[in-house]
Structures are given as structure tokens and as C-alpha cells.
Amino acid sequence: MKRFLVFGLIFFLAAVNFFNQFSLYPPLGSVKISFFSVGQGDAILIVTGDKKTLLIDGGPDKSILSEINSALPWWHRHLDFVLLTHEHDDHLLGLIELGGRYHFTQVMYGTVSEENNFIKEWFADLKKDKIKKYQIKALDSFSLGKYCRVNILSAAVSREVNDQSLVSELVCGERKFLFMGDAGEAIENILIDEGLGAYDLLKVGHHGSLTASQEKFLKIVRPTIAVISVGKNNKFFHPRPEVLTRLQKTAGDILRTDELGTINIIANNKEIYLRRGP
Ligand SMILES: [Zn+2]
């Protein structure tokens, strides 16, 4: 009898765990955006209600592995789209770590240097794994599931590597999210000239550096939520107090990965909220 109870309990816990895994997906009609806690760097996973996935950058090291494992059910081992904003280590190296562990349907990147050894290594891995890669241009656009679309707003060629960042917007129904990579003021000015509007969420450019997030840009974007992906006590002193002051004047909530760890935002046409846990 006792053994029967133990087996019953184990079965019950396994069943609870199995069904909890489904709750990692956002409800139909919603999108989940996870800003992973990867220290000083960016790694952002977007999952739609119809289970399409886009990973923007991989962070600086292996820390993405545990993050992505807890963000997706254990059986979900592929990503539909992987987008590298630019070739700096704090965005690229985690993507190399994912190789062989997750299958990517398609990889997208912008301007990269042929001399960068990590880019060479990554491209060789992708070739070996027969993963399609595509060099993206401004105004490119692709659908992410049935009700979300990704538009590339900037894919500049610049001497300043940060400004080469692929800047993208995600549009899901009436919600709009802006991902700046590490692009700075020069790119912000171009986007303003092109008629930039307001967004529900802004992934703040360049970890809150003074090179980005000028006041006139923030006054136009006016995000309900501003997310800063940044490492604790980083050597660059990001985010800079001046940028925080500007954000306090123009944004609703300011959320930081160095303070909150991984930040999960769930949004649909009715609401947008921060979810505790994965
Ligand atoms: Zn960076």
C-alpha cells in the first residue's frame, strides 16, 4: 500500500511538471518577451501564442543555456529565427554556445567583419549544421506566427560597430515593441527623420550608455515599459544616471535585468504586464 502511494505521488508530481511546461508558452493571442539575465549583454527571446520563436542576440557567454532551458518546455529544442544585432561579444558569444543544443531554422545578421574570428567560428558551425543564414537589410520584414510581424528599421553600414546594430520593431496586433540593439544617437536621428512613433516597450539602446537614448528620441518613443539589459557593477557604469533621468521623464516603468534578473513581459491587445517566474 505504502509503495503504491509513493508511486502515485511520483506520477502526480511528474504530471504536474508536464502540464506546467505548457504554461511556459504565452496564451493564444499573446506574446511573451523574455529579457534574459545574462550579465552585461543582450539576449531576448520572443515567443508568440502560436509558438513561433525569435531570439535576438545570445549574450556574452554560456549563461543563455540555463535561461533558455527554463523559458521553453524541455521538448522545445528549436528556434524559428535567430537575429544577431551586431558582432560584439556581448551579443554574439552566447549564440555560438547554443550551437548543437538548439536547432535554428533561420539566422539573420547585418554588417559583420570577415576578420572577426568569432563570426568565422559561428558561420562555420552554421554551415556544418546546414542552417540557413541571411544578411538582412533595412525595410526587410517577416511574420512571426499568425499575428506578429518583425520589421527591420535599421541595418546601417557604419565605422561605429554599435551603429551597425539591426534595429527592429515587433508588431503584434495593436502592440509595438522597439529593439535598439546597441545603436546610438546617429541611428536614432535617422529613425526620427523617417517618422518614428510611440512604442509600448523599448529595449533601451546600448545598455543605457550615454551614446544612446537622447531626450528627443525618448520623447517620441514614450514607452510604457523601458527595459535595460545590463550586468551588475559593470565596468562601463551602465546604465548612466543621465539616461535614467531622461527615461524617468519619458517612460512608464523602467525595468533592469541587473536588478530584477530575467524580465518576462506578456502582452496582448488588452494588457501588458510583467510576469514573475519563467
Ligand atoms: Zn552590447
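All values reported here derive from a predicted model rather than from experimental measurement.

Assigned secondary structure in the protein consists of eight helices and 15 strands. Since a compact globule built from 278 residues should have a radius of gyration of about 19 Å, the 19 Å found for the protein is in line with a globular shape. Taken along the three principal axes of its C-alpha coordinates, the protein extends 75 × 45 × 40 Å. Of all 278 residues assigned to the protein, the portion counted as buried reaches 53%. Partitioning the contacts of the protein with sequence separation of at least 6, the portion at a separation of at least 24 is 63%. Element-wise, carbon and sulfur atoms account for 56% of the exposed surface of the protein, whose accessible area totals about 13200 Å². Side chains of the protein carry 33 positive and 32 negative charges; the gap between the two charge centres is 8 Å.

Grouped together as the largest cluster of nonpolar side chains are 30 residues, with contacts concentrated most on Leu79, Leu98, Phe104 and Trp122. If you list the elements that add at least two residues to this core, you get strand 2 (44-48), helix 2 (63-71), strand 4 (78-83), helix 3 (89-98), strand 5 (103-109) and helix 4 (117-128). With five residues, helix 3 is the single largest residue contributor to this core. Contacts of Trp122, omitting those with residues within four sequence positions, involve Val82, Leu84, Leu92, Leu95, Ile96, Phe104 and Val107. By size, the runner-up hydrophobic cluster in this structure holds 28 residues, among which are Phe35, Ile46, Ile263 and Ile265.

Another aspect to go through is the state of the cysteines. Evaluation of the coordinates by the stated rule reveals one disulfide. Covalent S-S linkage joins Cys148 and Cys172, the inter-sulfur distance amounting to 2.1 Å. On the sign convention where negative is left-handed, the bridge of Cys148 and Cys172, at about 115° about the S-S bond, is right-handed. Linking Cys148 in strand 8 (residues 148-154) with Cys172 in strand 9 (residues 167-172), this pair joins segments that are 24 residues apart in sequence. On the accessibility criterion, Cys148 (3% relative accessible area) is buried. Using a relative accessible area of 6% as the deciding quantity, one classes Cys172 as buried.

Before going further, it helps to examine the coordination of the zinc ion. Around the zinc ion, the protein contributes the donor atoms Asp90 (OD), His91 (NE2), Asp182 (OD) and His207 (NE2), which lie 2.1 Å from the metal centre. The site at the zinc ion holds four donor atoms, and with the angles between them running 87 to 156°, its shape is irregular. Taken in sequence order, the residues that donate to the zinc ion follow the motif D-H-x90-D-x24-H. Of this pair, Asp182 sits in the loop between strand 10 (175-179) and helix 5 (185-193) while His207 sits in the loop between strand 11 (201-203) and helix 6 (215-221), placing them 25 residues apart in sequence. Summarising the burial analysis for this pair, Asp182 and His207 share the class buried.

All right, on to the sheet that holds strand 1 (residues 31-35) then. What the eight strands build is an open sheet, ordered 6-5-4-3-2-1-14-15; its pairing is mixed. One side of each edge strand has no neighbouring strand; the edge strands of this open sheet are strand 6 (132-135) and strand 15 (272-275). Going from strand to strand, the sheet's axes swing by 20° on average, the running direction of each strand aside. On top of the sheet, helix 4 reaches strand 4, strand 5 and strand 6; it is set at about 140° to strand 5, its chief contact.

In this structure the tally under the stated criterion is seven salt bridges. In this structure, Glu215 and Lys249 form a salt bridge, with 3.9 Å as the shortest nitrogen-oxygen distance. Of the two residues, Glu215 sits in helix 6 while Lys249 sits in helix 7 (residues 241-250), which places them 34 residues apart along the sequence. For Glu215, a relative accessible area of 31% translates into the label partly exposed. Relative accessible area serves as the criterion here: at 59%, Lys249 is assigned to the exposed category. When the shortest N-O distance is used, the salt bridge between Arg256 and Glu259 registers 3.4 Å. Residues joined in a network through salt bridges with shared partners are Glu215, Lys219 and Lys249.

Calculation notes
- Residues numbered from 1 in each chain as written.
- Predicted model: local features only at pLDDT ≥ 70, side-chain atom pairs only at ≥ 80, totals over all residues.
- Heavy atoms only, no water.
- Helix = DSSP H or I, 4+ residues; strand = E, 2+ residues; numbered from the N terminus.
- Rg over C-alpha atoms; globule rule 2.2 N^0.38 Å.
- Buried < 20%, exposed > 50% of the residue type's maximum accessible area, 1.4 Å probe, protein only.
- Contact = heavy atoms within 4.5 Å.
- Areas by Shrake-Rupley, 256 points an atom, 1.4 Å probe, with all protein chains shown as cover.
- Lys, Arg positive; Asp, Glu negative; His and termini not counted.
- Charge placed at Lys NZ, Arg CZ, Asp CG, Glu CD.
- Core = buried A, V, L, I, M, F, W, Y, C linked by side-chain atoms within 4.5 Å.
- Disulfide = S-S within 2.5 Å.
- Donors = N, O, S within 2.8 Å, 3.2 Å for Na, K, Ca; no water.
- Tetrahedral: all angles 85-135°; square planar, octahedral: opposite > 155°, others 65-115°.
- Pairing = 2+ DSSP bridges.
- Axes fitted to C-alpha atoms, helices over the stretch in contact; angles between N-to-C directions.
- Salt bridge = Lys/Arg side-chain N within 4 Å of Asp/Glu carboxyl O.

Nothing here speaks to function; it is all geometry.
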